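Analysis of the macromolecular model
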Amino acid sequence: MRKGITLVLALFGLALVQAASHTVTVNVPSVLSVSLDATDFLFDFGSSATGNVTVGGTPYSRAGQSAYNAFLDANTSSQVFAPSSVSLGGGTGDFATLTVRSNRAKWTVSVSASGSLAPPLDNTRLQVYAEKISGAGSSLTTNPTPLPTTGSLNIIQATASGQGKSLFKVYNLLELRLSDDIPLEGYSSQITLTYTIASP
């Protein structure tokens, strides 16, 4: 009699076991973007701009009439100048701020030119320098580096732990040479620099 009761209770207990299930789905987009707050680097050697801009520990004269006259008077073969001003949308400054936003561990930022500066100048006269403010990655420009004749120039890179938001100062400098034969009507030329981020 006791054996029969025990069997019935065991079967009743098994009948109460039930299960339910659902899936868990996780979607994370790839984030890899670069932005710049500057719209124009102006080198106006007829302007009233004065003073110096320090880039990588070295002071460079702002492009302006007084600095250009001093360059001609010195009879030096060449001189590198900082911009007269950098347009930042809401104001002006001496450099652009480049922002990288990424969830990738590795990435590289490069710069390339669209168009060519008219003779007697060329694109290699323009130099780029990146300086880290915060975040991941590091500058590949230990000194202001001329643009290549063709292709792009790598300026910033993260080889590991590149995730998050990173900020860099970006400077543009311009080399003039005493031998530049400027036309009687003056000289004016413009190119566009594009900053691109890529990840392996």
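Above this text is the structure in question.
Described in the following lines is the structure provided in the data block.

1. Details of the overall build of the protein
Check the secondary structure of the protein and you find two helices and 15 strands. Since a compact globule built from 200 residues should have a radius of gyration of about 16 Å, the 30 Å found for the protein marks it as more spread out than a globular shape. Referenced to the eigenvectors of the C-alpha coordinate spread, the extents of the protein come out at roughly 120 × 30 × 30 Å. Out of the 200 residues in the protein, the part that is buried amounts to 31%. Across the protein, the fraction of contacts at a sequence separation of at least 24, relative to all contacts at a separation of at least 6, is 74%. In the structure as shown, the protein presents an accessible area of about 11900 Å², 53% of it carried by carbon and sulfur atoms. Considering the protein, the positive charge centre built from 11 side chains and the negative charge centre built from 11 side chains are found 35 Å apart.

2. Here's the deal with the layout of surface pockets
Each pocket or cavity is described by its volume, and for the largest pocket that value is around 780 Å³. Along the walls of the largest pocket sit 27 residues, with Phe41, Leu42, Phe43, Ser189 and Gln190 positioned nearest its centre. Of all the secondary-structure elements, those providing two or more residues to the lining of the largest pocket are strand 2 (40-42), strand 14 (164-177) and strand 15 (192-198). The class makeup of the residues in the lining of the largest pocket is 17 nonpolar, seven polar and three charged.

3. Quick look at the nonpolar core
If you look at the biggest cluster of nonpolar residues, it comprises 33 residues, and the most contacted ones within it are Trp107, Val109, Ile155, Ile156 and Leu174. Where this core is concerned, the elements lending two or more residues are helix 2 (65-74), strand 8 (96-102), strand 9 (107-114), strand 10 (126-134), strand 13 (152-158), strand 14 and strand 15. Not counting residues within four places of it along the chain, the set of residues in contact with Ile156 comprises Leu98, Trp107, Thr108, Val109, Ala130, Ser138, Ser139, Leu140 and Phe168. Counting residues in hydrophobic clusters, the runner-up holds seven residues, among them Val55, Tyr60, Ala82 and Tyr129.

4. Considerations on the sheet that holds strand 15
Strand order across the open sheet formed by four strands is 11-13-9-15, with antiparallel pairing between neighbours. The sheet is open, and its two edges are formed by strand 11 (138-139) and strand 15, each paired on a single side. Note that strand 9 and strand 13 share six bridges and pair antiparallel. From the neighbouring strand, Ser110 faces strand 13, where its bridge partner is Asn154.

5. Quick look at the sheet that holds strand 2
Pairing is antiparallel across the open sheet formed by three strands, whose spatial order is 2-6-7. A strand with exactly one partner marks an edge of an open sheet, and here the two such strands are strand 2 and strand 7 (92-93). Two strands pair when backbone bridges link them, and strand 2 and strand 6 (residues 85-87) are joined in this way by three bridges, in the antiparallel orientation. Following the sheet pairing, Leu42 is matched in strand 6 by Ser85.

6. Remarks on unusual backbone geometry
Omega for the bond connecting Pro119 with Pro120 falls within 30 degrees of zero, at 10°, which places this linkage in the cis form. Inspection of the secondary structure puts Pro120 in the loop between strand 9 and strand 10. One non-glycine residue with positive phi stands out, namely Asn75, at about 60°. Residue position: Asn75 is located in the loop between helix 2 and strand 5 (78-81). The exposure class assigned to Asn75 is exposed, which follows from its relative accessible area of 57%. Even without being glycine, Ser161 reaches a positive phi, approximately 55°. Structurally, Ser161 is set in the loop between strand 13 and strand 14. Look at Ser161 and you get exposed, because its relative accessible area is 56%.

Procedures and definitions
- Here the residue numbers are simple positions, counted from 1 along each chain's written sequence.
- Only residues with pLDDT of 70 or above have their local features reported here, since the model is predicted, and side-chain atom pairs are shown and tallied only from 80 upward, although totals for entire chains, interfaces and linings are computed over all residues.
- Excluded from the side-chain calculation are hydrogens and water; included are all heavy atoms of the structure.
- Per the convention used, a helix needs a DSSP run of H or I reaching at least four residues, while a strand needs a run of E reaching at least two, with both numbered from the N terminus.
- C-alpha atoms define the radius of gyration in this analysis, and the globule rule sets the expected value at 2.2 Å times the number of residues to the power 0.38.
- Between buried and exposed lies partly exposed: a residue is buried under 20% and exposed over 50% of the maximum accessible area for its type, with that area taken using a 1.4 Å probe on protein chains only.
- Pairs of residues are marked as contacts when any of their non-hydrogen atoms sit within 4.5 Å.
- Accessible areas in this description were obtained via Shrake-Rupley with a 1.4 Å probe; residue shielding takes into account the shown protein chains only.
- In this charge count, Lys and Arg are treated as positive and Asp and Glu as negative; neither His nor the chain ends contribute.
- Every charge is mapped to an atom, namely NZ of Lys, CZ of Arg, CG of Asp or CD of Glu.
- Space inside and on the surface of the protein is sampled on a 1 Å grid over the protein atoms alone, with a cavity defined as a set of points where a 1.4 Å probe fits but cannot get out and a pocket as an open set with protein on both sides within 12 Å along at least 5 of 7 lines; lining residues have an atom within 4 Å of a point.
- Grid points are joined across faces, edges and corners, and a volume is the space filled by probe spheres set on the points.
- Note on residue classes: Ala, Val, Leu, Ile, Met, Phe, Trp, Tyr, Cys and Pro are nonpolar, Asp, Glu, Lys and Arg are charged, and everything else, Gly too, is polar.
- What we call a nonpolar core is a set of buried Ala, Val, Leu, Ile, Met, Phe, Trp, Tyr and Cys residues that are connected through their side-chain atoms within 4.5 Å.
- By this definition, two strands are paired if DSSP reports at least two bridges between them.

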